[in-house]
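These are the residues of each chain, in order.
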Amino acid sequence: MSSNTPSQRPTPPAAGGQRRNYLERLLRGAAVGAAGALVAILLWLTGVLTTFEAKTWDARARLFAHPDNATKDVVLILLDQPSFDWGRETNGWNWPWPREVYAAIVDFCQRAGVKALGFDVLFTDPSSYGVADDQAFGSALGGFGHAVAAVYPGTDKVGVKSWPESVPVPPVSVSGLDQWLTPKLSGELTSPYARFPIPEVSQNAAVLGSVSFTNDPDGVYRRGRFFRIFDGKLLPSMALAMFTAGAAKPPAVSIAPGSLTVNGERIPIDGQGRAILHFVTRERTHTSYSAASIIQSEIQLMSGDKPNVDPAQLAGKYVLFGFSAPDLYDLRPSPIAAIVPGVEIHATMLDNLLSASFMRAVPNWQTILYLAVLGIAAGILGAMIGGTLGTILVFVILLPVPVAISFLAYTQGYWLQLIAGVVSVALALIGANVANYATEGRQRRYIKNAFQQYLSPAVIEELIAHPERLQLGGERRELSIFFSDLQGFTGISEGLSPEELTALLNDYLSAMTDIIQEEGGTIDKYEGDAIIAFWNAPLTQEDHAVRAIRASLRCQAKLTELRPAFRARVNKDLYMRIGINTGPAVVGNMGSHTRFDYTMLGDAVNLASRLEGINKQFATYTMMSQTTKDALSDAFPARELSRVAVVGRKEPVVVYEPMEAVEFEARSADLDSFAAALPLFYEGRFIAAAELFDATADRDPAARMYAKKSRALAEQYGISGREDAAPADWQGVWVMTEK
């Protein structure tokens, strides 16, 4: 039997039309995507993903940490290891230090005019140096009037069970607290025991603050509570106590489900009254001073000497004192580092309070909706895009999407679930591909069997998804064509390393490409610093000339904006020349059967390239042809620049410089003068033209170039007077002698 008889031809499986196939894929993808999202939601709500999510949150905190508005206003004095050693080796101080040492710190801060000073230290026992030592410290605190002392409320049966009568209650109240507190919350926020400082400290401090930390189940400190309740009285956190001590009057604080409001600033809190901290940097960013340097500076000031630390550096600051020496065991894990001084967490909370920059948790219902949308969208895309390459690309592109969205949410101040989003997308894609394989395997095998003798596997996969993309050839269309090049870039590039040159080009080309694509343009190719693009293909664009000119003017404006930054990198200003022409060209997939590009060919393309280079003759940076101007109608104003004879073309081309309407109006007087001089040049009245061009030559580079050209032509033709006749062979055309 002959090999081409009907019985030997592959027969496609019976199926409905293409539209029906797409609808079936869409519904199947939506179903498996919804199932994947449901699994992700259940894993999130049951806490299975909590530990993994917390680690990704820490990564976000480190990656996007940046100082807040108030970071510079929070200062630390740290008893670090060098200070600890200095006290023991130089001064013979045993631990704990004498209280008069802390009094010196208080006196220095009072001298400096700090807003508030908080001690993240529990002064619960009398000084081993005697009562006078405690009294000296208490006197310093009382004399300062803006000090915060630490209280530790807890459940470990250490301390007292009732508020000491001699200890003032902090001047902080929270309206709405009784309505907000539930029996369960009341139990979590209430401490049956508390460790108070000695009377000399507690009675002289302006405010008492809680230094009880709130850590997550993995031990990392990501959240903070604003208050605890002890013996029916509200004990503010160290951060809120510092805020209060530094204010002229007690802050107005109110609480409601989901928020705590302090002086009108709403702070998001969770159901347990905790706020998510926004850590400001990977490393310690709050300015810090060693305890030894502050003590030495106070002694130097008392002696009339120049201090190591100028008190003016602390003026108007909120100062927190704490331990960072490892021997003192006050180090805590945080999102930004495995260990940080405990006082850093208080400083972060105070920083967030001052700048109203606490992070926000996305509400559960919004998270559920988000996960559902992610899953369904991923399922649909996974079902609609087939083929090995397509499947790989879908996974590669979609799996990072929830990561990117969560990162973006962090920059806007939100904790959006990352791991649950990745799980939702991953399960949806896996489900969609399993479903595709089960339902469409027969059709795919038919296509592969029918064409495997003629096409490579990669091409077959592309044919299955988009067979129309495999056709070679082009079509004749009218295009608006864009050529750009950087002025003098060869010289600039010679002074840069390959890495610097690559980075500069990437930044420049990215900025210009974004604009071209925003205007619907198609990038043909890059040639070094040159960009070649066109409009009206592959999609039809009736306003392609307008888009091309608008993109050109936007590119010039963007380069003007970026020029100072580029100048700092290359020590030279970057300028771009652009040529635009509108005309017929052949556009399409061109190349071999195994490798081709979507590009354009034709005389109109060559002219656009020539116009880019011709800019240098007129000291202009954007030039378009007559055909482009005709296609613009009145969309953009433009001035006629010249009639030019381009290398490779017989007929002269009238060229124009397009402008934004604002610029055209601002330069109207100079442009009118240029327009009046140009006909004189066309007529060959070079002396008269030069005189008129001279009038604006200092403000208009094109006029300056024309004045120079007019005088050169007058000399060439031996013309000396304003009224001399034009040379017989003069056609009014500026001849270009190079490409």
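Nothing here was measured: the structure is a model prediction, and the numbers come from that model.

**Regarding the sheet that holds strand E10 (residues 253-256)**
Then step 1. The strand order across the open sheet built from four strands is E4-E10-E11-E12, with neighbouring strands paired in mixed fashion. Only two strands of the sheet have a single partner each, and these edge strands are strand E4 (174-175) and strand E12 (265-268).

**Considering the nonpolar core**
Then step 1. Leu79, Tyr102, Phe119, Phe137, Leu208, Leu314 and Phe321 are the most contacted members of the largest nonpolar core, which totals 49 residues.
Then step 2. Sorting the residues of this core by element identifies strand E1 (74-79), helix H3 (81-89), helix H4 (99-112), strand E2 (116-119), helix H5 (131-144), strand E3 (147-154), helix H10 (291-302) and strand E15 (318-323) as the ones contributing at least two each.
Then step 3. For this core, the element with the most residues is H4, which contributes eight residues.
Then step 4. Apart from residues no more than four positions distant in its own chain, phenylalanine 321 is found in contact with Ile77, Leu79, Tyr102, Ile105, Gly118, Phe119, Asp120, Val121, Ala291 and Val343.
Then step 5. Ranked by size, the runner-up nonpolar core spans 47 residues in total, among them Phe213, Tyr221, Ala239 and Val343.

**A look at the pairing of E10**
Then step 1. The side-chain alternation of E10 yields one buried face, formed by Val253 and Ile255, and one unburied face, formed by Ser254 and Ala256.
Then step 2. Pairing of E10 with strand E11 (residues 259-262) involves four bridges; the strand directions are antiparallel. Residue pairing for E11: alanine 256 is matched across the bridge by serine 259.
Then step 3. Hairpin remark: E10 followed by E11, antiparallel, with two residues in the connecting loop; positive phi at glycine 258, about 90°.

**Some words on the packing of helix H18 (residues 498-518) against helix H19 (residues 544-570)**
Then step 1. Where H18 meets H19, the axes come as close as 10 Å, and the angle between the chain directions of the two elements is 160°. By the angle between their directions, the pair H18 and H19 is classed as roughly antiparallel. The way H18 lies across H19 gives a crossing that is right-handed. When H18 is examined against H19, the residues Ala503, Leu504, Asp507, Tyr508, Ala511, Met512, Ile515, Ile516 and Glu518 are found in contact with a partner set consisting of Ala551, Arg554, Cys555, Lys558, Leu559, Leu562, Phe566, Arg569 and Val570.

**Regarding the packing of helix H23 (residues 668-683) against helix H24 (residues 686-694)**
Then step 1. Taken N-terminus to C-terminus, the directions of H23 and H24 make an angle of 165°; their axes are 8 Å apart at the nearest point. Of the possible angle classes, the one that applies to H23 and H24 is roughly antiparallel. Our pair here, H23 against H24, has a crossing hand that is left-handed. Residues Ser673, Phe674, Ala676, Ala677, Leu678, Leu680 and Phe681 of H23 pack against Phe686, Ala688, Ala689, Leu692 and Phe693 of H24.

**Quick notes on unusual backbone geometry**
Then step 1. At the junction of tryptophan 95 and proline 96, the peptide bond is cis and its omega measures out at 0° in the coordinates.
Then step 2. Tracing the backbone through its elements, the reader meets proline 96 in the loop between H3 and H4.
Then step 3. Despite not being glycine, lysine 157 shows a phi value in the positive range, around 60°.
Then step 4. By relative accessible area, which is 65% here, lysine 157 ends up exposed.

**Topic: H24**
Then step 1. When we look at burial in H24, the residues that qualify are Phe686, Ile687, Ala688, Ala689, Ala690 and Phe693.
Then step 2. Packing partners of the buried residues in H24 comprise H23 and helix H25 (701-717).

**Regarding the confidence of the model for the chain**
Then step 1. Per-residue pLDDT for the chain averages 86, and the proportion of residues at 70 or more is 90%.
Then step 2. Residue range residues 1-17 is modelled with pLDDT below 50. Its contacts to residues more than four positions away, or to other chains, number twelve contacts.
Then step 3. Throughout residues 450-460 the model reports pLDDT below 50, and contacts reaching past four residues in sequence, or to other chains, amount to nine contacts.

The rules behind the values
Residues numbered from 1 in each chain as written. Predicted model: local features only at pLDDT ≥ 70, side-chain atom pairs only at ≥ 80, totals over all residues. Heavy atoms only, no water. Pairing = 2+ DSSP bridges. Helix = DSSP H or I, 4+ residues; strand = E, 2+ residues; numbered from the N terminus. Core = buried A, V, L, I, M, F, W, Y, C linked by side-chain atoms within 4.5 Å. Buried < 20%, exposed > 50% of the residue type's maximum accessible area, 1.4 Å probe, protein only. Contact = heavy atoms within 4.5 Å. Axes fitted to C-alpha atoms, helices over the stretch in contact; angles between N-to-C directions. Parallel < 35°, antiparallel > 145°, perpendicular 65-115°, else oblique. Left-handed = near helix turned anticlockwise from the far one by under 90°. pLDDT = per-residue confidence, 0-100.

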